[in-house]
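# Summary of structural features
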Amino acid sequence: MIPPAGDVDAASFWAALDDGTLLVSVCGSCGHRWLPPLATCPRCASRDITGAAAAPTGALYTWTVIHRAADPAYANDTPYTVGLVELADGARMYGRVVGVAPGDLRAGLALAVRVRRGADGPIWEFVAT
Amino acid sequence: MARPRLRPEFLGRTALTGVGYTELTKASGRSVLDLASEACAAAIADAGLAPSDVDGVASFRFLEDSVPTQAVATALGMPGSNWLLDLNLGGQAPCYLVTQAAMAVHLGLARHVVVFRALNGRSGARVGTNRAPGPGTDFRYPVGLTAYVHYIALWARRFLIDTGQSEDDLAAVAVAQRAWAERNERAYLRAPHSLEAHGNAPYVAEPFRVPDCTIEVDGACAVVVSSLDAARDLARPPVVVQGAAYAAGPGVGLDMGDSMFWDDLSRNYTHRLALDLWGSAALAPADVDLAEIYDCFTSTVLMGLEGLGLAARGGAGDLVRAGTFPVNTHGGLLSEGYLHGMNTIAEAVLQLQGRAGDRTVGADTCVVTSGALMDGSALVLAVDR
């Protein structure tokens, strides 16, 4: 795994992930939820931003099954599936989709988020519900 | 109701006047400055100019893979530069740089500008596999999403789903473009391609197989931008800059590969700039004879044709298969080689000047795009009437 470089805007995200919680950013002004964390709301520019536990489930928006790792860090993982998942609270994020056969992947597929501790630190992934 | 903006006054009054290339190879064994200087000198000579006539240089680089414009001005012995522009951008840059250069010559800031892209893109740092850390990469590198082929594969999948198209439509692009490349002596890949061969090629990142992806090369390409008045006295027929637009929609992202803020991955920047582009040219999609669409991957051709209004939603694959409307007559970045779209513009110039050999389609107007994802640029080019 390529570890995160650790941007200061996302410090609380990675700290929460270390405790097993996936945190999404929440705007106190307009209610928008999103990732990656920013100091401002990307919808209304408010600085009234807090974090909240992500919705535990979501729907697959799109995906790719990667057969050739572009980076040597993932050379032993192929083939692997990365999806863009829309969480039930509206936030979107990329993540590994595990335990779903490539032929069963489809838009709208219900997935649950799970935080796993890998050899290089905590990471989130998506599994079939 | 959205309305196009007023027509910027440099349009219709500026022109592309020359093109230059190096050979496209897998290992040039040469410096990037050497490649850049060769392509720029060739483009300047092609226009009937000398380096002493050129006082502007523009270029772009990614992963620090190229040289500053001042280095080229120095290497070519240009007596003085009045206008230099260096951008840290990728494939969205070529049409944008030509637009900036056209404005500069129109406003009198420069007489002639050479715009180039040069890189050892295969033997040196490869965009296709090297990391490019940015503010958004912490949310994709740790999950194994590290390269443009991955990012654009996500767009391609959703595009195919939402438009009712399939991997067969992607394959049709690769096959059609290779047929053009067979007639292009510059193209890196010229061997015949077929739907059967396409289907047998290994996947890189689904839905992309190897021939859905551009071929990385070492090389350089340059074009010269001049005022139309000056262009009429030069060596080649002027190719008039009739329309130009750049667009970055809401949620353009934190870096060049960050799509997490973009709502609809079935529509890229071409959908956002089409109205301004056609408005700026005072033309409609039906008025152009030819399209040269940025194609780091096959899907961006289909998305661009639909985004620009050259095909109906879901109809781009059928348009490509019909073969009645020429697209990417150099073979595209897929077959000619990955010079990040500078060669896409150069092909349009050669076509409109009737200099594309037996690929020449006799076009009077051409639309060109630069870019694949959230932001990008485009030009409408035309013969001088």
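Definitions and cut-offs
Residues numbered from 1 in each chain as written. Chains lettered and ligands numbered in written order. Predicted model: local features only at pLDDT ≥ 70, side-chain atom pairs only at ≥ 80, totals over all residues. Helix = DSSP H or I, 4+ residues; strand = E, 2+ residues; numbered from the N terminus. Rg over C-alpha atoms; globule rule 2.2 N^0.38 Å. Buried ≥ 20, exposed ≤ 12 C-beta atoms within 10 Å, placed from the backbone. Contact = placed C-beta atoms within 7 Å. Nonpolar A, V, L, I, M, F, W, Y, C, P; charged D, E, K, R; others polar. Core = buried A, V, L, I, M, F, W, Y, C linked by C-beta atoms within 7 Å. Pairing = 2+ DSSP bridges. Axes fitted to C-alpha atoms, helices over the stretch in contact; angles between N-to-C directions. pLDDT = per-residue confidence, 0-100. Expected span 1.5 Å × (residues − 1). Parallel < 35°, antiparallel > 145°, perpendicular 65-115°, else oblique. Left-handed = near helix turned anticlockwise from the far one by under 90°. Right-handed = clockwise from strand over helix to strand, strands pointing away.

What follows covers the overall build of chain A. A tally of helices and strands in chain A yields one helix and eight strands. The N-to-C order of helical and strand elements in chain A reads α-β-β-β-β-β-β-β-β. Over its C-alpha trace chain A gives a radius of gyration of 15 Å, about what one expects of a compact globule, namely 14 Å for 129 residues. By its C-alpha atoms, chain A is 40 × 30 × 25 Å across when sized along the principal axes. Looking at chain A as a whole, 29% of its 129 residues qualify as buried.

Our next topic: the interface of chain A and chain B. Where the parts come together, the accessible area they lose is often given as the size of the interface. The interface of chain A with chain B comprises 32 residues on the first partner and 33 residues on the second. Of the residues assigned to the side of chain A that touches chain B, the class counts are 22 nonpolar, four polar and six charged.

Residues and elements named next belong to chain B. On the secondary structure map, Val67 appears in the loop between strand S2 (56-61) and helix H2 (69-75). By the C-beta count within 10 Å, which is 23 here, Val67 ends up buried. Spatially, the C-alpha atom of Val67 lies 41 Å from that of Thr163, the residues being 96 residues apart in sequence. Filtering out sequence-adjacent residues up to four positions away, Val67 remains in contact with Val32, Leu33, Ala36, Val72 and Ala118.

Core analysis: the largest hydrophobic core is formed by 167 residues, its most contacted members being B:Phe116, B:Val223 and B:Leu381. Apart from the residues within four sequence positions on either side, B:Leu381 is in contact with B:Leu16, B:Val239, B:Val240, B:Val241, B:Gln242, B:Ala348, B:Leu352, B:Cys366 and B:Val368.

This part covers the sheet that holds S2(B). Residues and elements named next belong to chain B. Reading across the sheet, the nine strands line up as S3-S2-S4-S7-S1-S8-S11-S10-S9 and stay open at both edges, with mixed pairing between neighbours. The open sheet has two free edges, formed respectively by strand S3 (83-88) and strand S9 (290-292), since each of these has just one partner strand. Neighbour-to-neighbour, the strand axes of the sheet open up by a mean angle of 25°, direction not taken into account. In this structure, strand S1 (residues 14-21) lies alongside strand S8 (residues 239-248), joined through two bridges in antiparallel fashion. The partner of Leu16 across the bridge, within S8, is Val239.

Residues and elements named next belong to chain B. Within strand S7 (residues 218-227), 10 of the 10 residues are buried, which leaves it mostly tucked inside the rest of the structure. Across seven bridges, S1 lies against S7 in antiparallel orientation. Residue pairing across strands places Gly20 opposite Ala222, the latter belonging to S7.

This part takes up the confidence of the model for chain B. Residues and elements named next belong to chain B. Mean pLDDT over chain B works out to 97, with 99% of the residues at or above the 70 mark. In the model of chain B, helix H8 (residues 269-281) stands out as the element of lowest mean pLDDT, 96, in contrast to S9, which has the highest, 99. Predicted complex metrics record ipTM = 0.98 and pTM = 0.97.

This part takes up helix H3 (residues 93-106) of chain B. Residue and element names in this part refer to chain B. For H3, which comprises 14 residues, the first-to-last C-alpha distance of 20 Å matches the rise-based estimate of 20 Å (1.5 Å per residue) to within 8%. In terms of residue burial, H3 counts as a mostly covered element, since 14 of its 14 residues are buried. Looking at the residues trailing H3, positive phi occurs at Gly108, about 85°.

In this section: the packing of helix H4 (residues 148-163) of chain B against helix H9 (residues 298-307) of chain B. When two helices pack together, their arrangement is given by the angle between the helix axes and the distance between those axes. All names here are of chain B. At a minimum axis separation of 10 Å, H4 and H9 run at an interaxial angle of 50°. It follows from the interaxial angle that H4 and H9 lie oblique. The way H4 lies across H9 gives a crossing that is left-handed. Two secondary-structure elements touch here, H4 through Ile152, Trp155, Ala156 and Phe159 and H9 through Ser299, Thr300 and Met303. Here the contact of H4 with H9 is built from residues that sort into five nonpolar, two polar and no charged.

Take the pairing of S3(B) next. On a regular strand, one side chain projects to one face of the sheet and the next to the other, so that they alternate. Residues and elements named next belong to chain B. Pairing of S2 with S3, which is carried by six bridges, proceeds in the parallel orientation. Considered in S3, the bridge of Ala58 is made with Leu85. For the handedness criterion, the β-α-β arrangement of S2, H2 and S3 is classed as right-handed.

So, on to the sheet that holds strand S1 (residues 23-27) of chain A. Residues and elements named next belong to chain A. Strand order in the open sheet formed by three strands is S2-S1-S3, with antiparallel pairing between adjacent strands. Of all the strands in the sheet, just strand S2 (33-34) and strand S3 (49-53) have a single pairing partner and so form its edges. In terms of strand pairing, S1 meets S3 through five bridges, oriented antiparallel. Directly across from Cys27, in S3, lies its bridge partner Ile49.

The residue B:Gly144 is located in the loop between strand S4 (112-120) and H4 in this model. With 197 residues separating them in the primary sequence, B:Gly144 and B:Gly341 have C-alpha atoms 27 Å apart. Discounting residues that sit within four places of it in the chain, B:Gly144 has contacts with A:Ile66, A:Tyr74, A:Asp77, A:Tyr80, A:Val82 and A:Arg96.

Attention shifts here to the packing of H8(B) against H9(B). All names here are of chain B. It is the contact of H8 with H9, at a shortest axis distance of 8 Å, that shows an interaxial angle of 30°. Taken together, H8 and H9 sit at an angle that is classed as roughly parallel. Here the hand of the crossing between H8 and H9 comes out right-handed. Of the residues in H9, those in contact with Thr270, His271 and Ala274 of H8 are Met303, Gly304 and Gly307. Among the residues forming the contact of H8 with H9, the class breakdown is two nonpolar, four polar and no charged.

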